[in-house]
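Residue-level structure breakdown
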Amino acid sequence: TDMPAETDVAIIGAGPAGLFAAFQCAMLRLRCVLIDVLPEIGGQCAALYPEKPIYDIPACPAVEGAQLIARLDEQIAPFAAPRLLGHKVESLSGQRGQFVLGTDKGASLAAKAVIIAAGAGAFGPNRPPLDGLEAFETSGAVQYYVRRKAEFENRHIVIAGGGDSALDWALALKDKAARVYLVHRRDRFRGAPESLRQLDEAVAAGLIEKVVPYQLHALRGQDGKLEGVDVIDLNGQIRTLEADVLLPFFGLATDLGPVARWGMDTARATIPVTPSTCETSLPGVFAIGDVATYPGKLKLILQGFSEAAMAAHALYPIVHPDQALHFEYSTTKGVPAG
Ligand code: FAD
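Bear in mind that the values here come from a model prediction, so they are computed numbers and not experimental data.

Quick notes on the rules
Residues numbered from 1 in each chain as written. Predicted model: local features only at pLDDT ≥ 70, side-chain atom pairs only at ≥ 80, totals over all residues. Helix = DSSP H or I, 4+ residues; strand = E, 2+ residues; numbered from the N terminus. Expected span 1.5 Å × (residues − 1). Buried ≥ 20, exposed ≤ 12 C-beta atoms within 10 Å, placed from the backbone. Domains from an automatic or database assignment. Near = placed C-beta within 6 Å. Nonpolar A, V, L, I, M, F, W, Y, C, P; charged D, E, K, R; others polar. Axes fitted to C-alpha atoms, helices over the stretch in contact; angles between N-to-C directions. Parallel < 35°, antiparallel > 145°, perpendicular 65-115°, else oblique. Left-handed = near helix turned anticlockwise from the far one by under 90°. Contact = placed C-beta atoms within 7 Å. UniProt positions renumbered as here; feature names shortened; annotations may be inferred. pLDDT = per-residue confidence, 0-100. Pairing = 2+ DSSP bridges.

With 12 residues, helix α1 (residues 16-27) should cover 16 Å at 1.5 Å per step; its first-to-last C-alpha distance of 17 Å lies within 8% of that length. Among the 12 residues in α1, 11 count as buried, and that is most of the element. Among the residues of α1, those classed as buried are Pro16, Ala17, Gly18, Leu19, Phe20, Ala21, Ala22, Phe23, Gln24, Cys25 and Ala26. Phi turns positive one or two residues past the end of α1, at arginine 29, with a value near 60°.

Here it is in structure tokens:
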């Protein structure tokens with residue numbers, strides 16, 4: 001699609017919330033452009049857990065991250081909303097009815113209203129402080145997101161961390177891998193009771209070896225080829241684990257990045273909004289999904305969907321000041337042509 005110089009609504013972030021906002025805008029016949037710094041749509045679902053099933057999307061008993069995004073993509077396909085992928089929005093200026101956005105690649109876009117669906121911001125994994133880490137990251141020996149389980153067939157895998165991701169991936173890879181070590185600095189893991197039960201079972205069956213209480217200490221190998229991971233306990237005792245791959249799961253660093261400089265109120269990497277409209281403290285700028293906060297906020301995909309609908313309806317008068325918006329069901333009006 002050709003990139004227009006101006007649009008009704010600029011949507012910053014093409015995660016689930018931003019994608020569904022594009023649908024809601026299109027249903028109200030508002031033009032929109034989706035912008036994301038990542039080369040692919042889908043936000044956290046696509047980048048962090050494409051193969052993990054999600055169980056709490058209404059009417060989808062189980063849907064993998066990548067599948068959910070494919071379905072959202074299908075739902076907005078009729079509207080052919082332009083996408084600016086691989087662009088980070090750096091600047092936002094102007095006011096309600098006439099904003100201008102600028103990206104790191106020098107593109108600019110005029111928009112009457114803005115929806116910020118930036119999730120955890122320009123997110124990135126927390127990296128362990130290990131010497132020579134970069135070479136192993138480049139070669140893929142150290143990975144922070146599991147994209148394809150098949151890659152781990154018959155490998156020796158060291159998984160580090162004590163939360164849901166470490167636990168879930170240890171369980172998911174235990175039958176594929178030659179060996180799974182689970183390294184954590186305590187002998188307590190944080191996860192769903194059912195996952196903790198499965199962990200005990202897998203440990204008893206010899207499918208996963210818990211290496212606790214240990215921390216990552218050093219990487220062994222050369223030219224990006226990993227041969228082992230040294231771990232250290234509280235007394236300074238070092239143990240070497242044979243490893244082809246290290247998967248550290250130490251959480252995501254959340255940083256609003258440029259968004260924090262656009263003049264709206266922010267609070268600890270989130271943007272407070274009026275709950276009934278999702279408008280931020282900057283009139284004409286709305287925030288939805290993980291980045292938006294208000295009392296009682298749940299950081300769930302379904303919440304982002306509902307906020308997308310609220311924001312699209314609330315911003316309609318900015319684009320069409322002289323037209324009353326009559327609320328309609330999608331069953332009544334159908335999907336308008338793009
Ligand atoms: P995101 O998905 O974070 O997308 C935001 C997008 O904005 C990103 O693509 C980012 O690149 C982009 N962006 C940010 N800043 C800029 C900028 N300045 N310029 C351009 N682009 C920008 N939720 C559930 O409801 N159920 C679950 O079972 C569930 N499981 C999860 C499991 C894991 C392992 C993780 C990590 C999360 C899980 N979540 C789950 C949470 C869910 O993924 C998030 O709530 C959801 O992705 C938030 O969607 P979003 O669209 O608000 O933001």
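Let us keep going from here.
When cut into domains, the protein gives domain 1 (6-123 + 254-333) and domain 2 (126-251). Placing a centre on the C-alpha atoms of domain 1 and another on those of domain 2 gives a separation of 35 Å.

On to the site of the ligand. Near the ligand you find 37 residues, and of these Gly13, Gly15, Gly43, Gly119 and Gly289 are the closest. At the level of elements, α1, β2 (32-36), α2 (43-47) and α7 (301-319) are the ones that each hand at least two residues to the shell around the ligand. Classifying every residue of the shell around the ligand gives 21 nonpolar, 11 polar and five charged.

Let us now look at the packing of helix α5 (residues 164-173) against helix α6 (residues 193-204). Where α5 contacts α6, the axes come no closer than 10 Å and their chain directions differ by 50°. The angle between α5 and α6 places the two elements in the oblique class. Seen along the crossing, α5 lies across α6 with a hand that is left-handed. Here α5 contributes Leu167, Asp168 and Leu171 to the contact with α6, which in turn contributes Ser195, Gln198, Leu199 and Ala202. In the contact of α5 with α6, the residues fall into four nonpolar, two polar and one charged.

Our focus in this paragraph is the UniProt feature "binding site: FAD" (unreviewed entry) in the protein. Under the UniProt annotation, "binding site: FAD" (unreviewed entry) lies at Asp36, Gln44, Tyr49, Val89, Phe123, Asp290 and Thr331. Secondary-structure assignment places aspartate 36 in strand β2. When the 26 C-beta atoms within 10 Å are taken as the criterion, aspartate 36 is described as buried. Within the secondary structure layout, aspartate 290 lies in the loop between β19 (285-287) and β20 (292-293). Judged by C-beta crowding, with 27 C-beta atoms within 10 Å, aspartate 290 ranks as buried. Beyond its immediate stretch of four places on either side in the chain, aspartate 290 contacts Gly119, Ala120, Lys299 and Gly304.

Close contact between α1 and helix α3 (residues 65-76) brings their axes to 9 Å; oriented N to C, the two are set at 20°. One finds that α1 runs roughly parallel with respect to α3. When the axes of α1 and α3 are compared, the crossing they make is left-handed. Residues Pro16, Leu19, Phe20, Ala22, Phe23 and Ala26 of α1 pack against Leu68, Leu72, Asp73, Gln75 and Ile76 of α3.

Taking 1.5 Å as the rise per residue, α7 with 19 residues should run 27 Å; its terminal C-alpha atoms sit 27 Å apart, in good agreement. Among the residues of α7, those classed as buried are Ile301, Gly304, Phe305, Glu307, Ala308, Ala311, Ala312, Leu315, Tyr316, Ile318 and Val319. Where α7 is buried, its residues touch β1 (6-12), α1, β8 (108-116), β19 and β20.

So, on to the confidence of the model for the protein. Detailed reading of the predicted coordinates is not advisable wherever pLDDT falls low. Per-residue confidence for the protein gives a mean pLDDT of 93, with 98% of residues at or over 70. Note on the complex model: pTM 0.76, ipTM 0.99.

Further remarks concern the sheet that holds strand β14 (residues 225-233). With respect to topology, three strands assemble into an open sheet ordered β13-β14-β15, the strand pairing being antiparallel. Looking at which strands have only one partner, the edges of the open sheet turn out to be β13 (214-222) and β15 (238-242). Averaged over neighbouring strand pairs, the angle between their axes works out to 30° when direction is ignored. In this structure, β13 lies alongside β14, joined through eight bridges in antiparallel fashion.

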